[in-house]
Amino acid sequence: EASTNSFKRYTQQIVVNAQEIAKYLKNKNYNLVGNGTSNHMVWVDLTNKNIDGWAAAWALEYAGIIANRQTVPNEKKSPYYPSGLRLGTPAVTTRGMKEPQMRQIAKWIDEVITYTASQIKNVDLTQSERREFKQKMIKDKKLLSIAKEAKKMCKRFPTP
């Protein structure tokens, strides 16, 4: 399969999609590890956004977007509550999404992170504050609204 032209086009689109997300986020003042990407992954350092990777990943999940918390170079925080976020494009590319959808997904990512950061008083939350954060965010109307839109997009691009 890996030697077929269709697979080569698919893997090239994965990279193009990741680069589109990286370009959008970079234009929104996100610090990208490696200053961009040349593969399937976008690695974001959130230290300038008043949110850690743990909170960002949970908020994005509640908004219908899956991401992973990720340590960053010279990490000052614990691996469980790191400063970064890792985004990947293989799954959405498999569904047939391309650059216009990546721009929309990147827009949602920025909206979720910006909004959620504005809801956090201190980036270094205590355990009880983290529990409260999750309880509040899982019911948050803005995040649920984005999740509804993301679901609508996914219905246009069903899993093969």
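See the structure above.
Here is a short report on the structure shown in this document.

How each quantity is defined
Residues numbered from 1 in each chain as written. Predicted model: local features only at pLDDT ≥ 70, side-chain atom pairs only at ≥ 80, totals over all residues. Heavy atoms only, no water. Phe/Tyr/Trp six-rings, centres within 6.5 Å; stacked < 30°, edge-to-face > 60°. Lys NZ or Arg CZ within 6 Å of the ring centre and 35° of its normal. Salt bridge = Lys/Arg side-chain N within 4 Å of Asp/Glu carboxyl O. Helix = DSSP H or I, 4+ residues; strand = E, 2+ residues; numbered from the N terminus. Buried < 20%, exposed > 50% of the residue type's maximum accessible area, 1.4 Å probe, protein only. Pairing = 2+ DSSP bridges.

**Some remarks on the packing of aromatic side chains**
This structure, assessed with the given rule, holds five aromatic pairs. Judged by centre distance (4.9 Å) and plane angle (85°), the rings of Tyr-80 and Tyr-81 are edge-to-face. One Lys or Arg, Arg-130, reaches over the ring of Trp-54 and ends 4.7 Å from the middle of that ring. The ring of Trp-58 carries Lys-134 above its face, with NZ or CZ at 3.7 Å from the centroid.

**Some points on the pattern of salt bridges**
In the structure shown here, the tally under the stated rule is eight salt bridges. Taking the shortest distance from any N to any O, the salt bridge between Glu-20 and Lys-23 comes out at 3.9 Å. Taken together, the residues span about one helical turn, with Glu-20 and Lys-23 both in helix H1 (residues 5-27) at a distance of three residues. For Lys-23, a relative accessible area of 48% puts it in the partly exposed group. Put simply, Asp-52 and Arg-130 hold a salt bridge, and the shortest N to O gap is 2.9 Å. With Asp-52 in the loop between strand S2 (41-45) and helix H2 (53-62) and Arg-130 in helix H5 (residues 127-137), this residue pair connects regions lying 78 residues apart in the sequence.

**Section: the pairing of strand S4 (residues 84-88)**
Inspection of the sheet shows S2 paired to S4 by five bridges, in the antiparallel sense. For Val-42, the partnering residue across the bridge sits in S4 and is Leu-87. One ladder, built from three bridges, connects strand S3 (residues 68-70) with S4; its direction is antiparallel. Bridge pairing links Arg-69 to Leu-85 in S4.

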